[in-house]
Amino acid sequence: MHTEKETIETSPDILIVAENRADIAAREALLDRAMGPKRRKRSSEKLRRGRRPSEGLALIARTEEGSLVGTVRLWDVRLGEGGPAALLLGPLAVDPSAKGAGIGSALMRQAIAEAGRLGHRAILLVGDAPYYARFGFTTEKTGQLSMPGPYERDRFLALELVPGALDDAKGVLKAAGRKLGASVRKSDSAFGKSDVSPEGAGVSFARPTGRVAL
């Protein structure tokens, strides 16, 4: 699969790979540094809590030295009660020490490419419209859709991977996809977060998804 490159002379090569269970603690620490503790109160969290990310769509960016410097995950949702399937992207985060190196853009492009390769039809997110516009996200198809909690309408964006996938889509987004098992929740309590998603449980994430020269 083709991986787009963004070249910044002073930055090291970054390997984008599927997240595994050993990455959970580092990923959560990165999210805390990048987004703060209030991240768990966002409306998007209601659609993630108690669920695993969509299979094959939990990605991290790692330096050649092994440091985790970026993360993005996509989640299965339904568009309204019994509506069509789609993906909800988030959170996307880059370690503050690595900001400005193009890691977030590389993660986004890889995530979109993987979602398309896996046969998904549309991706939604809540985020900064000018930033996500570069990847094709707009408010054009979200007018009749809503999140299950407070959010800013002009930050509710969508990208069709298949043209027309969101035509006539309406209703409140509903959580879908794989649920966490009780035994898995208990094992994750060692990280101090009972709602942490253990993406590696029972799933192989060994396949690298791309090396990006940043």
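Scroll up for the structure.
Given the structure is predicted, the values throughout are model-derived calculations rather than measurements.

Trainee: What's the story with helix 3 (residues 103-117) in this structure? I'm lost.
Mentor: An α-helical segment advances 3.6 residues per turn. Residues three or four places apart therefore align on the same side. For helix 3, with 15 residues, the first-to-last C-alpha span of 21 Å sits near the 21 Å given by 1.5 Å per residue. Burial analysis of helix 3 places 11 of its 15 residues in the buried class, the great majority of the element. Every buried residue belonging to helix 3 is among Ile 103, Gly 104, Ser 105, Ala 106, Leu 107, Met 108, Gln 110, Ala 111, Ile 112, Glu 114 and Ala 115, and all of these are buried. Phi for Gly 119, located one or two positions after helix 3, is positive at around 95°.

Trainee: Can you help me understand helix 1 (residues 24-35) in this one?
Mentor: For helix 1, with 12 residues, the first-to-last C-alpha span of 16 Å sits near the 16 Å given by 1.5 Å per residue. Of the residues flanking the end of helix 1, it is Gly 36, one or two places downstream, whose phi is positive at about 80°.

Trainee: Would you mind showing me how to read the pattern of salt bridges here?
Mentor: Where side chains of opposite charge bring their charged atoms close, a pairing between them can arise. In this structure the tally under the stated criterion is nine salt bridges. Put simply, Glu 81 and Lys 174 hold a salt bridge, and the shortest N to O gap is 3.9 Å. Linking Glu 81 in the loop between strand 3 (68-79) and strand 4 (85-89) with Lys 174 in strand 9 (residues 171-175), this pair joins segments that are 93 residues apart in sequence. Linking Lys 141 and Glu 160 is a salt bridge whose minimum nitrogen-to-oxygen distance equals 2.7 Å. Of this pair, Lys 141 sits in the loop between helix 4 (129-133) and strand 7 (145-146) while Glu 160 is found in strand 8 (residues 156-160), placing the two residues 19 residues apart along the sequence. Salt bridges linked by common partners bring Glu 19, Arg 27 and Glu 28 together as one network.

Trainee: Help me out: how do you make sense of the nonpolar core in this one?
Mentor: Across soluble globular proteins, nonpolar side chains have a tendency to be buried as a group. By size, the foremost hydrophobic cluster in this structure holds 28 residues, and its most contacted members are Leu 89, Ile 103, Leu 107, Met 108, Ile 123, Tyr 132 and Phe 137. Counting only elements with at least two residues in this core, the list comes to strand 1 (13-18), strand 2 (58-63), strand 3, strand 4, helix 3, strand 6 (122-126) and strand 8. Here this core takes seven residues from helix 3, the largest share from any one element. Sequence-distant contacts of Leu 89, defined by excluding residues within four places in its chain, comprise Val 72, Arg 73, Leu 74, Met 108, Ile 123, Leu 124 and Leu 125. Counting 15 residues, the second largest nonpolar core, distinct from the first, contains Leu 47, Leu 88, Met 147 and Phe 156.

Trainee: Explain the pairing of strand 4 to me, please; I cannot follow it from the model alone.
Mentor: Moving residue by residue along a regular strand, the side chains alternate between the two faces of the sheet. For strand 4, the tally of buried residues reaches four of five residues, placing the bulk of the element in the interior. Looking at chain direction, strand 3 and strand 4 are connected through five bridges and run antiparallel. Counted as the bridge partner of Val 77 is Ala 86 from strand 4. Hairpin connection from strand 3 to strand 4: five residues lie between these consecutive antiparallel strands, with Gly 80 at a positive phi of about 85°. Judged from the two bridges that link them, strand 4 and strand 6 form a sheet pairing that is parallel. Bridge pairing links Leu 88 to Leu 124 in strand 6.

Definitions and limits used
Starting from 1, residues in each chain are numbered consecutively following that chain's sequence as written. Local features in a predicted model are, by the rule used here, given only for residues with pLDDT of at least 70; side-chain atom pairs are given and counted only at 80 or more, and totals for whole chains, interfaces and linings are based on all residues. Water and hydrogen atoms were dropped before computing side-chain values, which therefore reflect all heavy atoms in the structure. A run of H or I in DSSP becomes a helix once it reaches four residues, and a run of E becomes a strand once it reaches two; helices and strands are each numbered from the N terminus. Helices are assigned an expected span. That span is 1.5 Å times one less than the residue count. Each residue gets one of three labels from its accessible area relative to the maximum for its type: buried under 20%, exposed over 50%, partly exposed in between, using a 1.4 Å probe on protein chains only. We define a salt bridge as a contact between a side-chain nitrogen of Lys or Arg and a carboxyl oxygen of Asp or Glu at a distance within 4 Å. Only buried Ala, Val, Leu, Ile, Met, Phe, Trp, Tyr and Cys residues count toward a nonpolar core, and they belong to the same one when joined by side-chain atoms within 4.5 Å. Contacts between residues were defined by any pair of non-hydrogen atoms, one from each residue, lying within 4.5 Å. Only strands joined by at least two bridges in the DSSP assignment are considered to pair.

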